[in-house]
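Fold and geometry: a report
Here is how the chains run, residue by residue.
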Amino acid sequence: MHEFTSELEELASSVLAYSLERVKDDPPLDGPRSAEDLYAQVGETITTQGLGGQEALTVFTDVLARACISTDHPRNLAYIPSAPSEHANLFDLVVAASALYGGSWQEGAGAVFAENQALRWVADLAGLPASAGGVFAQGGTVGNLSALVVARAQGRKLWPETTRWAIACSKEAHSSITSAANVMDVDVLLIDPSESRKLTGVEVGRAVDEFHKNNSARVFAVVATAGTTNLGIIDDLMSVGAAAKERNLWFHVDGAYGLAALCAPSVREKFNGIENADSFIVDPHKWLFAPFDACALLYRDPELARAVHTQSASYLDALHETNSWNPSDYAINLTRRARGLPFWFSLAANGTDAYTVAMEKTLEMAQIAAQKVREHPRLELWLEPELSVVSFTRPGWEKGDYKAWADKLLDDQIGFCPASSDKGQPILRFAIVNPWTKVSDIEAILATL
Ligand SMILES: *Cc1c(COP(=O)(O)O)cnc(C)c1O
């Protein structure tokens, strides 16, 4: 190992001081700059002799970090932002310093044990059986893909003569489902949900049966969304799951954003039917107060996943000699960071009740924000918030007006809230996942509209 010189000792203090300051205080919102602009200020940072730790750190803290929007700022309501707890952030420093290998039980038993307890909490919230299990994958995109690859393997067992496959999902499903289908070279049967915008079993049954009548391709999985990213709409998990089961189809639930609210009693019943999922995902880095990047991927029967995802190579044989739990075997990954540990630590330290309280707080803030929009003289609520996304319009505004407003809001460092659209209509949306977002934050943004 390298000698820990006094220079490194000093650098350690600087790194810790910066990290602590970042965790303690509300971060500045900050914002992007052009590559030319950044280059003009920092120039070449990769040099033959190296800048030295202090100098490189200064380049980062003074320039580069300030060109990154703080996703955990309480007035960052864009896309789905993040809100890692102090405990989770602090423990990420420990994970970074520990060189943990999270791919196998042999090398990372303690870390894997802890991750599995955190996964168990999620599985219990959903009502999956004791035999359920999974892995923290990089993100929802990889989680969905990994689950759907297992689903297709099941389809191949059931219908070995099939040569062309398809995934059935709502038109409102996340883009990562289409992305997974592209990677897998399978088709997507997009189903138009009714007025309610929630996919139901009747619609799934009708669309799948029709598809099978007219195509040689065969549907192997039905994907329901538990909280669409744009508006937070939850499909009817109970009936969609039943329609899938009647046809022997894999039932996968994409809850990357929304399933976090399983721990909130006030909305828990909206997820009824999740207990019938063959697999589901939820991203703790979205609405469960964990840092990037962590997607909890759960399987009802993890053995099916293990059979599909285990990589075999002679140099890996020793890993599989014991009948132990290797996280690498449950997703498209081999080497993996023990990325579920910050989430585990925060859960272990704070207790699950604190999660319920924080979650209810964000849901309540969404209701308050919706009410403030209703009372606003120039705004109209677009959809009643089902979870913590509040969508609204400013009648009379064109797309360009929304963009100009959002750009100025960030320029003025008031908030980050880029426009979205729904059914061709530009909309604004607040995605509230941060328990530190206060009424005054919402008011500050609404005051500019
Ligand atoms: C965010 C999201 C995803 C993708 O997750 P990543 O972690 O960004 O890869 C998939 N589905 C839904 C519903 C999402 O909200």
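Read on for a plain summary of the structure. Note that the structure is predicted; figures quoted are calculated from it, not measured.

So, the site of the ligand
Within the structure, the ligand sits among 14 residues, and Gly140, Thr229, Asp254, Asp283 and Lys286 are positioned closest to it. Between the ligand and aspartate 254, the relevant distance is 2.6 Å, taken from a nitrogen atom to a side-chain nitrogen or oxygen of the residue. Histidine 285 is positioned with one of its side-chain polar atoms (N or O) 3.2 Å from an oxygen atom of the ligand. Contact with the protein chains covers 86% of the free accessible surface of the ligand, which is 380 Å².

As for the packing of aromatic side chains
Applying the stated rule across the entire model yields 15 aromatic pairs. Look at phenylalanine 91 and tryptophan 344: their rings are 5.8 Å apart centre to centre, the planes differ by 70°, and that puts the pair in the edge-to-face class. One end of the pair, phenylalanine 91, is in helix α4 (residues 86–98); the other, tryptophan 344, is in helix α13 (residues 341–350), with 253 residues separating them in the sequence. When the ring centre of tryptophan 159 is taken as reference, the NZ or CZ atom of arginine 218 above it lies at 4.1 Å.

Let's talk about the sheet that holds strand β8 (residues 380–383)
Strand order in the open sheet formed by four strands is β8-β9-β11-β10, and the pairing between neighbours is antiparallel. Edge positions in the open sheet fall to β8 and β10 (420–422), since each of these has one partner strand only. Strand after strand, the sheet turns through a mean of 50° between neighbouring axes, direction not considered. Where β10 and strand β11 (residues 425–431) come together, three bridges link them in antiparallel fashion.

Each value, and the rule that gives it
- Sequence order as written defines the numbering, with residues in each chain counted from 1.
- Two thresholds apply to this predicted model, a pLDDT of at least 70 for residue-level local features and 80 or more for giving and counting side-chain atom pairs, whereas whole-chain, interface and lining totals are computed over all residues.
- Side-chain metrics rest on all non-hydrogen atoms present in the structure, leaving aside hydrogens and water.
- We define proximity as follows: a residue is near a molecule or strand when any one of its heavy atoms falls within 4 Å of that partner.
- In protein, a polar contact requires one atom able to donate a hydrogen and another able to accept it; more generally it is a pair of N or O atoms within 3.5 Å, and residues adjacent in sequence count only if both atoms are side-chain atoms.
- Surface accessibility follows the Shrake-Rupley procedure with a 1.4 Å probe radius. Residue values consider only the protein chains on display as shielding.
- By convention, a stacked pair of Phe, Tyr or Trp rings (six-membered ring in the case of Trp) has centres within 6.5 Å and planes under 30 degrees apart, an edge-to-face pair has planes over 60 apart, and any other such pair is tilted.
- We count a stretch as a helix when DSSP gives it H or I for four or more residues in a row; a strand needs E for two or more, and each element gets its number in order from the N terminus.
- The criterion for a charge sitting over a ring is simple: Lys NZ or Arg CZ within 6 Å of the ring centre, and within 35 degrees of the ring normal.
- For two strands to be treated as a pair, DSSP must find at least two bridges joining them.
- Helix axes are fitted to C-alpha atoms over the stretch in contact, other axes to C-alpha atoms as well, and angles between N-to-C directions run from 0 to 180 degrees.

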